[in-house]
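# Architecture at a glance
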Amino acid sequence: MGRKDELEQLEVICHDISFDKRILSKNNIRALRELNELFNNIHFDLIHVHTPIAAFLTRFVLRKKKLQGPLLYTAHGFHFFKGAPKKNWILFYSAEKIAKRWTDAIIVLNKEDQALAKQMGFKHNDNLFFVNGVGVDLNEFSERAEKDISIRKELNLSKDDVLISCVAELIHNKNQMFLLKNWGVISKNNPQAHLLFIGEGQSEEILKSYVQYKGLKNIHFLGFRRDVPNILNDTNIVVLTSLREGLLRCLMEAIALGKPIITTNVRGSRDLVQDGYNGYLVNLNDDDLLVKRFNDLIVNKELQKEFGENGKKRSKLYDLDFVLKQMDEIYMSFLN
C-alpha cells in the first residue's frame, strides 16, 4: 500500500500535482497552472509546504490569493549552506529571499538553517520555529526490535561479524564513494567488518562497478527495504557520509536503537551526533580520520555500547509524540 492509499483510507482528500527538480521544466509550468486552479476553487485554512522547488512555486501562486489561510514552509535543509557552490547561493538563497514575503512562517530542523533563516529576516518564535526533525516513534522501534528477523541470518553472517549500515539513497549528495574509497583499508584492518548499503538511487551502478573494479570485500547492496529498524537493530555501527543534510531520519532511528554513529561533520548530522559522545564526526574528505575512527570503534565493543547508551539518553528529543506536540502548537498559533 502506498502512502497516498494510507491517507485516503483516513478520508484525507488528495490532489495530485507533479513537480520536477529542474526549475524550468514543462512539468513545473503545468504545476503552476494546476496550483492556480486548485487555489481558485478550494479554500485551505492552513497551507504547509516542503521541498525547495514545490514550496517556491506554491508560494508564488499563493502570493495574490488573499482568501487562503496562513502558509508555513518547512526547510528540510537549505540548498545554500557553508561550503555550498556559489550557484546554490545565487539561485536558492535569492529564491528564498524573494519568497520570504509570501511566507507566514518557516520551520527549520537544524541550527545552521536556523541561523540562515534569521539572516533572511525571520524572527525566532514569531515567524521562525525550530523543530527536532520529523520524529521517530520510539514505541514502534521497541516493538520491531523484538521481532526475530535477522539480517545476519539472511546474509549468512555470524554474531562475531561487525555490521556497519548505511541507510541512504544512493546519490551524489549521500557521498557513499567517500566510504568506498577507504573501505579497502578498513576491511584489511578489520576482516570481520561488513558494510551494508540500504537504499536505491542514481549512483547504484557506479558504486557497484567501483566495488567490483577495486575488488572490495564484505559489501552488501540490500536495495530498498521495509525492515530498516530490524536491520539497524542487528547493526553494530551506523555510518552516513553525506555532503549535506537537514536532520536525517535514519540517524534519529539509530539513536533510538542505541547505535553508535560515524558521520561527516556537516549541517544536520552534527546536530544529532556529538563527537566522542554518541559517535564520531569526520570532516569531508579526511580519509585518514575516517579510517582511524572505524578502526577504533569496530574493535571496541565497550565504546560501541557507551556511544549507543549516550545517544539513547537524547532520543526523547526526537520522539514522534514530542515533535507532533511542537507542530501542533505551531499550527494552532496560526489557526487561532
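Refer to the structure presented above.
Nothing here was measured: the structure is a model prediction, and the numbers come from that model. (Residues numbered from 1 in each chain as written. Predicted model: local features only at pLDDT ≥ 70, side-chain atom pairs only at ≥ 80, totals over all residues. Heavy atoms only, no water.)

### Notes on the packing of helix H2 (residues 26–41) against helix H3 (residues 52–62)
Packed helix pairs are specified by the crossing angle of their axes together with the interaxial distance, meaning the distance between the axes. Convention followed: Angles run from 0 to 180 degrees between N-to-C directions of axes, and those axes are lines fitted to C-alpha atoms, restricted for helices to the stretch in contact. The helix count covers DSSP runs of H or I at least four residues long, the strand count covers runs of E at least two residues long, and both are numbered beginning at the N terminus. Just so you know how the angles are binned, under 35 degrees is roughly parallel, over 145 roughly antiparallel, 65 to 115 roughly perpendicular, and the rest oblique. Note: crossing handedness is left-handed where the near helix turns anticlockwise from the far helix by less than a right angle, and right-handed where it turns clockwise. Should any heavy atoms of two residues lie within 4.5 Å, those residues are considered in contact. Ten residues, namely Ala, Val, Leu, Ile, Met, Phe, Trp, Tyr, Cys and Pro, are considered nonpolar, four, namely Asp, Glu, Lys and Arg, are considered charged, and the remaining ones, Gly among them, are considered polar.
One way to put it is that H2 packs onto H3 with a least axis distance of 10 Å and a crossing angle of 45°. Our classification of the angle between H2 and H3 gives oblique. Our pair here, H2 against H3, has a crossing hand that is right-handed. Here Asn 28, Leu 32, Leu 35, Asn 36 and Phe 39 of H2 come into contact with H3, specifically with Ile 53, Leu 57, Thr 58, Phe 60, Val 61 and Leu 62. Looking at the contact of H2 with H3 residue by residue, the classes come out as eight nonpolar, three polar and no charged.

### With respect to the sheet that holds strand E1 (residues 47–50)
Quick reminder of the rule: Paired strands, as defined in this entry, are two strands with at least two bridges between them according to DSSP.
A sheet is described by the order of its strands in space; here four strands give the open sequence E1-E2-E3-E4, paired in parallel fashion. If you trace the sheet from one side to the other, it starts and ends with E1 and strand E4 (128–130), each paired once. Each strand axis lies, on average, 25° off the axis of its neighbour in the sheet, ignoring direction. In terms of strand pairing, strand E3 (residues 105–108) meets E4 through three bridges, oriented parallel. In the sheet register, Ile 107 faces E4, and the bridge partner there is Phe 129. Its contacts with the sheet put helix H5 (residues 111–119) on strand E2 (71–75), E3 and E4, and the angle it makes with E4 is roughly 175°.

### Here we look at helix H13 (residues 287–298)
Note the cut-off: To estimate the expected span of a helix, subtract one from its residue number and multiply by 1.5 Å. Residue exposure (1.4 Å probe, protein chains only): buried if accessible area is under 20% of the type maximum, exposed if over 50%, otherwise partly exposed. As used here, the arc is the angular range of directions from the helix axis to the C-beta atoms.
Here H13 spans 17 Å end to end across twelve residues, near enough to the 16 Å set by a 1.5 Å rise per residue. Every buried residue of H13 is listed here: Leu 290, Val 291, Arg 293, Phe 294, Leu 297 and Ile 298. One side of H13 carries all its buried residues, which in axial view fall inside an arc of 160°.

### Regarding the layout of surface pockets
The criterion, for reference: Buriedness of a pocket was judged along seven lines, with at least five required to meet protein on both sides within 12 Å; pockets are open sets of points on a 1 Å grid over the protein atoms alone, cavities are sets where a 1.4 Å probe fits but cannot get out, and lining residues have an atom within 4 Å of a point. Grid points are joined across faces, edges and corners, and a volume is the space filled by probe spheres set on the points.
The space that makes up the second largest pocket amounts to roughly 840 Å³. Looking at the lining of the second largest pocket, the elements with two or more residues in it are helix H1 (3–9), H2, E1 and H3. Ranked by residues supplied to the lining of the second largest pocket, first place goes to E1 with four residues. Considering only residue class, the lining of the second largest pocket consists of 15 nonpolar, five polar and two charged.

### Focus: the side chain of Ser 165
The residue Ser 165 is located in strand E5 (residues 162–167) in this model. Classification of Ser 165 as buried rests on a relative accessible area of 0%. Sequence-distant contacts of Ser 165, defined by excluding residues within four places in its chain, comprise Leu 196, Ile 198, Ile 231, Leu 232, Thr 235, Ile 237, Val 238 and Val 239.

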